[in-house]
Amino acid sequence: MAKQERTVGVFIIQLALAIYMVVTGLCLLRFGRSISSSEITAVAKMFGSTNVIPTIIGILLIVCGVIFFVKALGMDLGKLDDLIKYVTLIVWIVVTVITLINYINELNSRLFLHWLLVLAKNALIIGGILTIKNGK
């Protein structure tokens, strides 16, 4: 695979994804109670009182965020970071679907724009993950 060109745009995307993933993971582990995220609310609501699934997703997101940070610095962990990237991509697509379905029940003309904003934000995250090239 060709090495990813090191541009400011790629660096910013990787850094932003790293921060977003770590903070969201910490929130799923109940460290960021002040942060209100549609994804966190939807995942917590779907799994109710059980903390196992949100904890697993939180840990995965933190690991992915660290990997994206390492990649942003120009280091490559080979196949390990590719595997984590694809697992996170699949998990994030599932979280996005859960979030959008959660908001469909509450959809009215006022919340439609919020629903579109959640869709756009998650599409940007998924697109950002897809722009990060695979390693060696």
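Cut-offs and rules
Residues numbered from 1 in each chain as written. Predicted model: local features only at pLDDT ≥ 70, side-chain atom pairs only at ≥ 80, totals over all residues. Heavy atoms only, no water. Phe/Tyr/Trp six-rings, centres within 6.5 Å; stacked < 30°, edge-to-face > 60°. Helix = DSSP H or I, 4+ residues; strand = E, 2+ residues; numbered from the N terminus. Buried < 20%, exposed > 50% of the residue type's maximum accessible area, 1.4 Å probe, protein only. pLDDT = per-residue confidence, 0-100. Patch = residues over 30% accessible without salt bridge, like charges linked within 9 Å, V, L, I, M, F, W, Y side chains within 5 Å. Areas by Shrake-Rupley, 256 points an atom, 1.4 Å probe, with all protein chains shown as cover. Salt bridge = Lys/Arg side-chain N within 4 Å of Asp/Glu carboxyl O. Core = buried A, V, L, I, M, F, W, Y, C linked by side-chain atoms within 4.5 Å. Contact = heavy atoms within 4.5 Å.

Q: It is not clear to me how the packing of aromatic side chains should be interpreted in this structure. Could you clarify?
A: What characterises a pair of aromatic rings is the spacing of the ring centres plus the angle enclosed by the ring planes. What the rule picks out here adds up to one aromatic pair. Look at Tyr20 and Trp92: their rings are 5.9 Å apart centre to centre, the planes differ by 80°, and that puts the pair in the edge-to-face class. Of the two residues, Tyr20 is situated in helix H1 (residues 8-28) and Trp92 in helix H4 (residues 79-104); the sequence distance between them amounts to 72 residues. Its relative accessible area of 23% is what places Tyr20 among the partly exposed residues.

Q: How do you make sense of the confidence of the model for the protein chain when you look at a structure like this?
A: Interpretation of this model should avoid reading the predicted coordinates in detail wherever pLDDT is low. Mean pLDDT over the protein chain works out to 79, with 80% of the residues at or above the 70 mark. The secondary structure element of the protein chain with the lowest average pLDDT is helix H2 (residues 38-47), at 70, and the one with the highest is H1, at 86.

Q: What am I meant to see in a nonpolar patch on the surface here?
A: Together, Val8, Phe11, Ile12, Phe69, Leu73 and Met75 make up a nonpolar patch on the protein surface, roughly 570 Å² of accessible area in all. Here the element with the most residues in the nonpolar patch is H1; it accounts for three residues. By the secondary structure assignment, Ile12 is in helix H1. We classify Ile12 as partly exposed; its relative accessible area is 49%.

Q: Quick question: what am I supposed to make of the nonpolar core here?
A: The tendency in soluble globular proteins is for nonpolar side chains to be buried as a group. Of all hydrophobic cores here, the largest spans 18 residues; its most connected members are Leu17, Met21, Ile57, Leu61, Phe68, Ile125 and Ile129. Counting only elements with at least two residues in this core, the list comes to H1, helix H3 (52-72), H4 and helix H5 (109-131). Top element by residues in this core is H3. It accounts for five residues. If we ignore the near neighbours within four places in the chain, the residues touching Ile57 are Leu28, Val43, Val91 and Val95.

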